[in-house]
Structures are given as structure tokens and as C-alpha cells.
Amino acid sequence: MGEEELIALRREKLERLREAGIDPYPARANRTHTAQEAVELLERSVDGNETVSVAGRVTALRRMGKAAFMDLRDGSGRVQAYFKQESLGVEPYELLQQTVDLGDFLGVTGSLFHTKTGEPTIEAQSYTVLAKALRPPPEKWHGLQDVEVRYRQRYLDLMSNAAVREIFVTRSRIIGEIRRFMDARGYLEVETPVLHGSAGGGAAKPFVTYHNALDRELHLRIALELHLKRLVVGGFDRVYEIGRIFRNEGVSTKYNPEFTMLESYEAYAEYNGLMEMVEEMISSVAGEVLGTTKVMNGDSEIDFAPPWPRVPLREAIRERSGVDFAEHTDAEGLRNAAAVSGVKVEPTWGRGKVIDELLTLHVEPHLIQPTFLTDYPVELSPLAKRKPENPGLVERFEFFIAGREVGNAYTELNDPIDQRERLIEQSRLRAA
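In this report, the structure presented in the accompanying data block is examined. Starting from 1, residues in each chain are numbered consecutively following that chain's sequence as written. Whole-chain, interface and lining totals are the exception, using all residues; otherwise, since this is a predicted model, local features are given only for residues with pLDDT of at least 70 and side-chain atom pairs are given and counted only at 80 or more. For the side-chain quantities, the full set of heavy atoms in the structure was used; hydrogens and water were omitted.

This part is about the overall build of the chain. Looking only at helices and strands, the chain has 13 helices and 18 strands in total. Overall size of the chain, expressed as C-alpha extent along the three principal axes, is 85 × 55 × 50 Å. Here's how the labels work: a residue is buried when its accessible area is under 20% of the maximum for its type, exposed when over 50%, partly exposed in between, all with a 1.4 Å probe on protein chains only. Each of the 432 residues in the chain was classed as buried or not, and the buried ones make up 42%. Contacts are assigned to residue pairs with any non-hydrogen atoms lying within 4.5 Å of each other. Partitioning the contacts of the chain with sequence separation of at least 6, the portion at a separation of at least 24 is 57%. Residue-level accessible areas treat just the shown protein chains as cover; the underlying method is Shrake-Rupley with a 1.4 Å probe. Accessible area for the chain stands at about 24,100 Å²; split by element, carbon and sulfur atoms hold 51% of it. Each helix is a run of DSSP H or I of at least 4 residues and each strand a run of E of at least 2, with the numbering of both proceeding from the N terminus.

Below, the structure written as C-alpha cells:
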């Protein structure tokens, strides 16, 4: 049966409910317990005769003549409901059998008991249709696999995959713990403008929008940086923001054009202290949220416990590719060496771009355990302070987990003349 026919059939059931004097979309839902609370109450119960009212979506339905079982799922979990014609009455039971489908929302009131197989169950004394679903749930109700459907219709993914729901919950807890960590260290959380007069704080391509009242183009921010720095200039020594940023540069499995970033600034800090803060933050957040610093990623166990390795970028690239970028001071020589190592080099690339591609191809996939790469060439880092003992490098690190870059930080450049010269050079290379 096609989807349109299924929708038509559900509409007929909707009308039947209304003909029976039942509002299929009532304004109130009587709920005394969540599904999880009901299950926990039964486990604590002495006589097993507790009465509860729950509400949830019908995710499984098994009809057996004068009895039926349904699984009801809410935000806390799942509980089974048992319906008997003898308990409900002939007409209410028949209406239930003839009108309720997978995906509908029901309210159920009844007493808790365990089935012979030990399943926590509510024996329904009454029920209420809370919302009649006119569209059928996904064909693969349990475990939707179609990647395109899962990503474009995330609500179906959440309905069908318990593991995805758990990821959403875990993500929310992680953000909450990050806030607690930053607040405890004396950082002030702020919100800064999303609409900017000009793209800044990075080299990404922005999304452009239009402000009618001001009669001008504006850009969605590509970084949180500039306004946070202004707050430091204004006298706040430690600030941070967990905010949405937007980069108009395509889509891939590693990249989304809009994503959430944590960005922080601390006066008088330098990159060694920041590395210590990062490893402490991630390990402590993992401990609070997961109860351990160790997690599985595919076949690899990743341990967030500090200290993490700190590897100079030059050493990491040389070990994996055989290319020592310090030995190639001109762009052409470095491009040739990178090409020999397997990098598909473009003739217009400068040294910074070539080094970045060497990192991406040869080093990044191997950084499974949390690792800091440190001391980047100045060409790659226009905002970082030079190392006093080696002005060709800057005090910058990126950290990687499971073969992906997760974060970037540096000792902030505060020499205005040096800063201007580097930004001009960056603009020149971008124009080229």
C-alpha cells in the first residue's frame, strides 16, 4: 500500500474518532509519571499495585483478539501497556483496535505489573488518544538506516534510533559540563553578534544576508573571535562563548556549514597553559558525563586522561611524510618535495598551504589518541606570537582526536605592526 493510501486510511480513522465524540488532539494530557519513572516505581513497589498515568508515542503494537500490547515511548524511555476488552469495555476496546496506529500518541492510566517474562507493564484501565498521526512512521521503524533520510529528517532518525537519541542527550550534557568547567575557572560567558559588517576572525567564506532597515549587506559570523577580543580590550580578563558560526564552504562528513564552537580568551595567558587547560577540560568533562576518560571509537579505545603527547609540527610531518619543511625555505622547493610524498600540489600554493596539506594527508589520520601538534610556521598562523628562540615559528597548537582536528589555540599576537604586515601578506596570498 502506498503512502497516500496509508494517509487516507488514517484520515478515516481520525474521522471515526470524531464521530465517537473523541477529540483526537485534546488540549490536555494527564500524566503522573514518565515511562522511566513508572518502571522504577514498579521495581520499588512492595505489593505491585501502583496506579500511574503515562503518555507517549506508540512504537510497537501487537493485537491478539480481545487483548493488545503496545509500547509507549516518551523522552525518558519505553514502557509496555496491556489492553484488555474485559477491563476497558467492548466499545472503547474496539475503538482502540480500529483507530490506533503506530506513531499515534496515547495517554494510558492503569496499574503496574510484571508479565510472565518479567516485562514492566501497565494494565490499562482507561486510555486517551492524545494525537492521531496521519503519516506512517518510517518503514524501518526500529533502526532507520537510509543516511539521506536520517540527516535531512532528523526527527525520523530520533524516532527510530535509540542510540541517536542518546547522542543528543550526551551532547547536551557535555555542553553543560563545559560551561561549569569554564565558569569555575573564572571565565565570563557572553553572547556576541551573529551579524557582522564584514567577515573577520578567519579566512573562511561567509554567508551574506541583507538588513532591510539599515539598507546594507551583512555577514553571518565565521568566528567568535573579534568581539571576544574587544571584551578583553574592555577589561574582562577571561571570556568565552559557545556559539553558532557559519562558513559557506560546502558540506562533507567532516564539515558542516554551520556548527557550534567554544572560543575563549584569557589575558596574560600563553599556549602551554592553554594546553593544560584543554586536556584538563576534556578529561574532566568525559569523567563527569561518561564516568570514565576512556571511550571506544570504532575499534580504537581513546583515553582522554592527561598528559597528552605534545609533538612539534615539523617533527610530525617529517616522520610521516619524509618532508622537512624547514629545509625548504622557498615555496617551489617545498611544493616539489610534497608532490614526491604524494600530495596533489597546485602551482599557486604558498609554503603555508603546502605544509597544511602535508599535515592533512600524512599526519592527521594517524592521530587517534588525543595529541597536541605544536610550533607552527608563521605562514600558517597570522594571529599567533612568534617563538622568541625561533621567529620562523609561532606559539600555536592544534589538538587532534580520532584522526580529526578538534581545536586550535595560540599565544595571541599583540604587536600591531607585525600583525598588520602578516594580515596584508595573508590577503595578498588569498588574492593570488
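Quick look at the packing of helix H11 (residues 331–341) against helix H12 (residues 351–363) now. Any two packed helices are characterised by how steeply their axes cross, that is the angle between the axes, and by the distance between the axes. Orientation is described by lines fitted to C-alpha atoms, with helices fitted over the stretch in contact, and by angles between N-to-C directions that extend from 0 to 180 degrees. Remark: H11 packs on H12, axes separated minimally by 9 Å, with the N-to-C direction vectors making an angle of 15°. Between H11 and H12, the angle is such that the two are roughly parallel. H11 and H12 meet at a crossing whose hand is left-handed. Across the interface between the two elements, Ala331, Leu334, Arg335, Ala338 and Ser341 of H11 pack against Arg351, Val354, Ile355, Leu358 and His362 of H12. In this scheme, roughly parallel covers angles under 35 degrees and roughly antiparallel covers those over 145, while 65 to 115 is roughly perpendicular and the rest are oblique. Handedness of a crossing follows from how the near helix is turned relative to the far one, being left-handed for an anticlockwise turn of less than a right angle and right-handed for a clockwise one.

Planes of paired rings set the category: under 30 degrees apart is stacked, over 60 is edge-to-face and the rest tilted, where pairs are Phe, Tyr or Trp rings (Trp by its six-membered ring) whose centres lie within 6.5 Å. Scanning the model with the defined rule gives eight aromatic pairs in all. Between Phe83 and Tyr127, the ring centres sit 6.3 Å apart and the planes meet at 85°, which makes this aromatic pair edge-to-face. You can see Phe83 sitting in strand E3 (residues 77–84) and its partner Tyr127 sitting in strand E5 (residues 120–131), a full 44 residues away along the chain. Pairwise contacts between aromatic rings join Trp308, Phe372, Phe397 and Phe399 into one cluster. Sitting over the ring of Trp349, Lys353 keeps its end group 5.3 Å from the ring centre. Either the NZ atom of lysine or the CZ atom of arginine qualifies as a charge over a ring when it sits within 6 Å of the ring centre and within 35 degrees of the ring normal.

By secondary structure assignment, the location of Tyr240 is in strand E10 (residues 238–246). Among all residues touching Tyr240, those that are not within four sequence positions of it are Arg179, Met182, Asp183, Tyr187, Leu188, Glu189, Val190, Leu228, Leu262, Glu263 and Ser264. Between N or O atoms, a polar contact is any pair within 3.5 Å; within protein, one atom must be a potential hydrogen donor and the other a potential acceptor, and residues adjacent in sequence are included only when both atoms are from side chains. A polar contact is formed between the side chain of Tyr240 and the side chain of Glu189, at a distance of 3.3 Å.

Another point: the pairing of E5. The pairing of E3 with E5 spans three bridges and is parallel. What sits directly across from Gln80, in E5, is Thr121. When DSSP finds two or more bridges between a pair of strands, those strands are recorded as paired. Where strand E4 (residues 105–114) lies against E5, ten bridges are found, and the strand directions are antiparallel. Across the sheet, His114 pairs through a bridge with Pro120, a residue of E5.

The next thing to look at is the sheet that holds E4. Here we have five strands rolled up into a closed barrel, ordered E1-E2-E3-E5-E4, and mixed in their pairing. Neighbour to neighbour, the strand axes of the sheet diverge by 55° on average, direction disregarded. Examined bridge by bridge, strand E1 (residues 51–64) and E4 share seven bridges and lie antiparallel to one another. Residue pairing for E4: Ser53 is matched across the bridge by Thr109. Seen against the sheet, helix H2 (residues 35–44) touches E1, strand E2 (67–74), E3, E4 and E5 and runs at an angle of roughly 10° to E4.

Strand order across the open sheet formed by three strands is E6-E10-E11, with mixed pairing between neighbours. A single partner strand is all that each edge strand has here, and the edge strands are strand E6 (188–189) and strand E11 (258–266). As paired elements, E6 and E10 share two bridges and run parallel to each other. Directly across from Leu188, in E10, lies its bridge partner Val239. This element, helix H8 (residues 225–233), spans E10 and E11 of the sheet and lies at about 20° to E11.

With that settled, the discussion passes to unusual backbone geometry. A cis amide bond, omega 0°, links Pro306 with the succeeding residue Pro307. Secondary-structure assignment places Pro307 in the loop between strand E13 (300–303) and strand E14 (310–312). For Tyr268, which is not glycine, the phi dihedral falls at a positive 70°. One can find Tyr268 in the loop between E11 and helix H9 (271–290). The exposure class of Tyr268 is exposed, given its relative accessible area of 78%. Located in the positive-phi region is Asp375, a residue other than glycine, with phi close to 60°. With respect to the helices, strands and loops of the structure, Asp375 is situated in strand E15 (residues 371–377).

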